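Per-entry structural report
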Amino acid sequence: MAFSSRLLSKSRQLYGSQVFSQQQCAIPVRYFAKEAARPVLKGDEMLKNIFLEVKKKFETAMSVLRKEKITIDPDDPAAVSQYAKVMKTVREKAGLFSESQRIMYTIETRTEGIPDARTYLLTLKEIRIKRGLTDDLGAEAMMFDALEKVENEIKIPLMRSDKKGMSLLMAEFDKINQKLGIRKEDLPKYEEQLEQKIAKAQLEELKKDALEAMETQKKREEFKDEQMVDVKSLDIRNFM
């Protein structure tokens, strides 16, 4: 069960900073499906519904993982791709966000109601920092430079309701995207790359955990004379 729990909880900080920069810079960002508005409920009823929903999602995820064979080999591209495919199936059946969707949903909810462009960009920067992401492409600095250019041109702070000013800013962002070789139509490819990076990082952690567990078991008297199996041959279904 420890392994299966890790499969569902280890992805939040394990993704490539370059892909996030690519998605962040592709303005306007593409938003993903978010949870429907929930009715206002009293405390006990709300907690009960939350528990039942989480329980249902967990059981759905486990039902998928019990059927799939996962090879714990982060150095094998085929194993990484298979693991990523399995986790995608888990998310789709259990109604969970992918990391790309989680990032976009966070941006959408955190920036809703922000009136000016500068605060919007500062909020994006805050989200990036809190998630431990670096801006290897330098896109963030370019976006602030673009905003500075537009605000110098219009002589006032740029408000998001200013259609003409925002059009100027979007044109500058398009130039940045072109300079960095980023195309909006390539977003699905970037998302796939992101999920592959997550899959590899998760398998690395699972391999580390499996090796530590086997070393601990090896020290126990009753297992002293047994030969340890190759971690790559482990079927993760045996741990559920």
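Right above here is the structure, for reference.
Presented here is an overview of the structure given in this document. Sequence order sets the numbering: in each chain, residues are counted from 1 along the sequence as written. Only residues with pLDDT of 70 or above have their local features reported here, since the model is predicted, and side-chain atom pairs are shown and tallied only from 80 upward, although totals for entire chains, interfaces and linings are computed over all residues. Values shown for side chains rest on all heavy atoms present in the structure; no hydrogens or waters enter the calculation.

In this section: the overall build of the protein. Every helix listed is a DSSP run of H or I at least four residues long, and every strand listed is a run of E at least two residues long, numbered separately from the N terminus. Helix and strand counts for the protein come out as nine helices and zero strands. Secondary structure elements in the protein, listed N-terminal to C-terminal, are α-α-α-α-α-α-α-α-α. By the convention used here, residues are in contact when the closest approach between their heavy atoms is within 4.5 Å. Partitioning the intrachain contacts of the protein with sequence separation of at least 6 by distance along the chain shows that 75% fall at a separation of at least 24. In the structure as shown, the protein presents an accessible area of about 14500 Å², 53% of it carried by carbon and sulfur atoms. Here, Shrake-Rupley sampling with a 1.4 Å probe gives the accessible areas, and only protein chains in the shown set may cover a residue.

Let us look at the nonpolar core. The nonpolar core is taken to be a set of buried Ala, Val, Leu, Ile, Met, Phe, Trp, Tyr and Cys residues, with the residues joined through side-chain atoms within 4.5 Å. A simple rule labels every residue: compare its accessible area, found with a 1.4 Å probe on the protein chains alone, to the largest value its type can have, and call it buried under 20%, exposed over 50%, or partly exposed in between. Of all hydrophobic cores here, the largest spans 19 residues; its most connected members are Ile107, Leu121, Leu158, Leu169 and Phe173. Counting residues per element, the ones that place at least two in this core are helix H5 (99-111), helix H6 (117-130), helix H7 (139-154) and helix H8 (163-180). Setting aside anything within four residues of it in sequence, one finds Leu169 in contact with Ala117, Ala146, Leu147, Val150 and Leu158. With 15 residues, the next largest nonpolar core counts Leu65, Val80, Tyr83 and Val90 among its residues.

The subject of this paragraph is the packing of aromatic side chains. Aromatic rings from Phe, Tyr and Trp, with only the six-membered ring used for Trp, were paired whenever their centres fell within 6.5 Å, and each pair was classed as stacked if the ring planes differed by under 30 degrees, edge-to-face if by over 60, and tilted otherwise. One pass over the structure, following the stated rule, counts one aromatic pair. Centroid distance Phe97 to Tyr105: 5.2 Å. Interplanar angle 55 degrees. Geometry classified as tilted. Residue Phe97 is classed as partly exposed on the basis of its relative accessible area, which comes to 23%.

Okay, the packing of H5 against H6 next. Only the stretch in contact is used when fitting a helix axis, every axis being a line fitted to C-alpha atoms; angles between N-to-C directions are given from 0 to 180 degrees. It is the contact of H5 with H6, at a shortest axis distance of 10 Å, that shows an interaxial angle of 140 degrees. The angle between H5 and H6 falls in the class oblique. Crossing of H5 over H6 shows right-handed handedness. Each of Thr106, Ile107, Arg110 and Thr111 in H5 lies in contact with H6, whose residues at this interface are Tyr120, Thr123, Leu124, Glu126 and Ile127. Oblique is the label for any angle not covered by the other classes, which are roughly parallel (under 35 degrees), roughly antiparallel (over 145) and roughly perpendicular (65 to 115). With the far helix as reference, a near helix turned anticlockwise by less than a right angle produces a left-handed crossing, and one turned clockwise produces a right-handed crossing.

Turning our attention to H7. Any helix carries an expected span of 1.5 Å times its number of residues minus one. The end-to-end C-alpha distance of H7, which contains 16 residues, comes to 23 Å, matching closely the 22 Å that a straight helix rising 1.5 Å per residue would cover. The set of residues buried in H7 consists of Ala139, Glu140, Met143, Phe144, Ala146, Leu147, Val150 and Glu151. Around the axis of H7, the buried residues are gathered within 155 degrees of arc, so they sit on the same side. Exposed residues on H7 whose side chains face more than 90 degrees from its buried face are Asp145 and Glu153. One or two positions beyond H7, positive phi appears at Lys155, with a value near 70 degrees. In this context, the arc is that of the directions from the helix axis out to the C-beta atoms.

This part takes up the packing of helix H4 (residues 77-94) against helix H9 (residues 187-218). In a pair of packed helices, the angle between the axes and the distance between the axes together describe the arrangement. Two numbers describe how H4 lies on H9: the axes approach to 9 Å, and their chain directions differ by 105 degrees. Classified by the angle between their axes, H4 and H9 sit roughly perpendicular to one another. Each of Ala79, Val80, Ser81, Tyr83, Ala84, Met87 and Arg91 in H4 lies in contact with H9, whose residues at this interface are Glu195, Gln196, Ala199, Lys200, Gln202, Leu203 and Leu206. The classification used treats Ala, Val, Leu, Ile, Met, Phe, Trp, Tyr, Cys and Pro as nonpolar, Asp, Glu, Lys and Arg as charged, and all other residues, Gly among them, as polar. Of the residues that constitute the contact of H4 with H9, the class distribution is eight nonpolar, three polar and three charged.

A few words on a nonpolar patch on the surface. On the surface, a cluster of nonpolar side chains totalling about 370 Å² of accessible area is made up of Met46, Leu47, Ile50 and Val54. In this fold, Met46 is placed in helix H3 (residues 43-65). Think of a patch as exposed residues, more than 30% relative accessible area, with no salt bridge, where like charges cluster within 9 Å and nonpolar side chains (Val, Leu, Ile, Met, Phe, Trp, Tyr) cluster within 5 Å. By salt bridge we mean one thing: a side-chain nitrogen of Lys or Arg within 4 Å of a carboxyl oxygen of Asp or Glu.

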